[in-house]
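Summary of structural features
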Amino acid sequence: MTAVTAALFLLGATAAQAEGDLGEGAFETSDNVRLIANVPHTAPLTDNGGRGSDLAFTGNYVIGGNYAGFTIYDIANPHRPRMVSQVLCPGSQGDVTVQGDLLFYSVDSRRSDDSCASTAQNDGSKPYWEGIRIFDISDKANPRYIKSVETDCGSHTHTLVPDKEGKNAYLYISSYGPSPSIARCKPPHDKISIVKVPLADPTAAAVIATPVLFPDGGNPGKPGDVDSGYVRETSGCHDITAFPEKDIAAGACMGDGVLFDITDRERPRVITQVRDDANFAFWHSATFNNDATKVVFTDELGGGGAATCRPDIAATRGADGVYDITGSGTSATLQFRSYFKIPRHDTEICVAHNGSLIPVKGRDVMVQSWYKGGVSVWDFTDSANPVEIGHFNPLPERKGPSGTWSAYWYNGYIYSMDGQQGLDVIEINDPRVNQARSVHQKVFNAQTQYTVRPGRN
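Here goes a summary of the coordinates provided. Everything numeric in this text was worked out from a predicted model, so none of it was measured.

This brings us to the state of the cysteines. Formally, a disulfide is one covalent bond, and it connects the sulfur atom of one cysteine to the sulfur atom of another. One pass over the full model with this rule turns up 4 disulfides. Each sulfur of the disulfide joining C237 and C253 lies 2.1 Å from the other. For the disulfide bridge between C237 and C253, the dihedral angle about the S-S bond is near 75 degrees, and by the sign convention the bridge is right-handed. Taken together, the residues C237 in the loop between β15 (206–209) and β16 (239–243) and C253 in strand β17 (residues 248–253) connect sequence positions 16 residues apart. Residue C237 is classed as buried on the basis of its relative accessible area of 0%.

Turning next to the packing of aromatic side chains. A ring pair, where both rings are aromatic, is described by two values, the distance of the centres and the angle of the planes. A complete count under the given rule lists 22 aromatic pairs for this structure. Here the aromatic cluster, defined as three or more aromatic residues joined through ring pairs, consists of F280, W283, F297, Y323, F336 and Y339. Over the ring of Y128 we find R110, and its NZ or CZ is 6.0 Å from the ring centre. Looking at R184, its charged tip hangs above the ring of Y128, at a distance of 4.2 Å from the centre.

Moving on, we come to the pairing of strand β28 (residues 404–410). Across the 7 residues that make up β28, a large majority, 7, are buried. Once β28 ends, the chain turns through 2 residues before running back antiparallel as strand β29 (residues 413–418), passing N411 with a positive phi of about 50 degrees.

Pairing between sheet strands relies on hydrogen bonds along the backbone, with the strands arranged either parallel or antiparallel. The sheet built from 4 strands is open, its strands ordered β16-β17-β18-β19 with antiparallel pairing. The sheet is open, and its two edges are formed by β16 and β19 (269–274), each paired on a single side. Along the sheet, successive strands turn relative to each other by an average axial angle of 20 degrees, direction set aside. As defined by bridge partners, β16 adjoins β17 across 5 bridges and the pair is classed as antiparallel. Residue pairing across strands places A242 opposite A249, the latter belonging to β17.

What follows is about the environment of S85. You can see S85 is positioned in strand β7 (residues 82–88). For S85, a relative accessible area of 0% corresponds to the buried category. A polar atom in the side chain of S85 sits 2.7 Å from the backbone oxygen of K140.

Conventions we followed
- Residue numbers restart at each chain and count upward from 1, following the sequence in its written direction.
- Under the rules for a predicted model, residues below a pLDDT of 70 receive no local features and side-chain atom pairs below 80 are neither given nor counted, while totals for whole chains, interfaces and linings still include all residues.
- Heavy atoms throughout the structure, all of them, feed into the side-chain values; hydrogens and water do not.
- Any two cysteine sulfur atoms lying within 2.5 Å of each other are counted as a disulfide.
- Going along the chain from the N terminus, every DSSP run of H or I of four or more residues is numbered as a helix, and every run of E of two or more is numbered as a strand.
- Exposure categories follow from relative accessible area, calculated using a 1.4 Å probe and restricted to protein chains: below 20% of the type maximum is buried, above 50% is exposed, and the middle band is partly exposed.
- The aromatic pairing rule takes the rings of Phe, Tyr and Trp, using the six-membered ring of Trp, and pairs them if the centres are within 6.5 Å, calling planes under 30 degrees apart stacked, those over 60 edge-to-face and the rest tilted.
- In this scheme, Lys NZ or Arg CZ marks a charge over a ring once it lies within 6 Å of the ring centre and within 35 degrees of the ring normal.
- Strand pairing is assigned whenever DSSP identifies at least 2 bridges connecting the two strands.
- Interaxial angle, 0 to 180 degrees, is taken between N-to-C directions of lines fitted to C-alpha atoms, where a helix line uses only the stretch in contact.
- Whenever two N or O atoms come within 3.5 Å, that pair is a polar contact, provided that in protein one can donate a hydrogen and the other can accept it, and provided that, for residues adjacent in sequence, both atoms are side-chain atoms.

Below you can see the structure in the form of structure tokens.
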């Protein structure tokens, strides 16, 4: 690694806007939902190609990923969250996970080197670096960059999968976009990279396997556009969600939805896969229900850059697909049950994106981002008949093209990262959801799920 220095910016003052001064004219909500706080993005992460992305939670902190680095927020009082520190360390797209005192950060753009002072290196024939950065965040006010690990085609997203002995963390690296002109990202790219992180010595982290998941090449795809219908060719995975205690994972792999056996963390195996070329263009992400008998896959029709909630685009496209998992072990299969799409039309960028389960006992409820379509809370207990419970909808007056990237439930509140507007804290008051407030988690990474029960987890 050429350098481990990151530009660090300390922020001791509360940055959240006061209640009653949240720009209510820039959004509308259902009667059971309200915005209680917003922490705007600030320089330097508003510059340097900055854009808010994913979130990870530990204790009373949430870490907000950004194309230009990350921010650590203190959320001990969700009504008045405050920035604790910002790290300027560019490298899209900045997805984050946390384990103990370690923060993992995805870099999916070619950089001149692995340092935080690197510059973009768009010529894939010249020396470049992309992959995973590891930070020590034991001191939330002073994160330290301690290690980098290079991976083929970078790291678009990554999934934290702990081992069964508590000694190692595995990172399943999802990446795609191979090209003959890119030195370390040539086709075929039908694999993931697995990084092993010894927790006692994280600086020894290294790639230990690159399993080929699609020896037959996966979905060949079909050309087209948002209106005519297209399917992205499978060339790796976009995102993987693991359920470690069940030894399974669900992969959203561009043209394929996949169920994996991860009993051997270093050798994930495909159990079954499904396709939906008539309606799914880009299998983007996955969320299990609380007992891992269902999985929701999202279709990012238009790649997060198109208005796909228009009335002339079918409700089965750019939507969620609800699947029941039938059978068990290596005999498990995915059975399609229904689609869910927000019941509001939007001519701005709008499509299914990142979300998480809300831990309501006996029901299957999740919260989800839809870019400028906002945040939706919906119930899929009846797999064949999902229904929306509540919503938060940014209006065109709320400036910025991207809208909400990630929306996750954590200890009684919804935290949403808006690409341009910063961190939103949202409260829902509804008898179908309120029971989940009794669940308190110590750590939460959306792509690492566990069975959650009332009390402390």
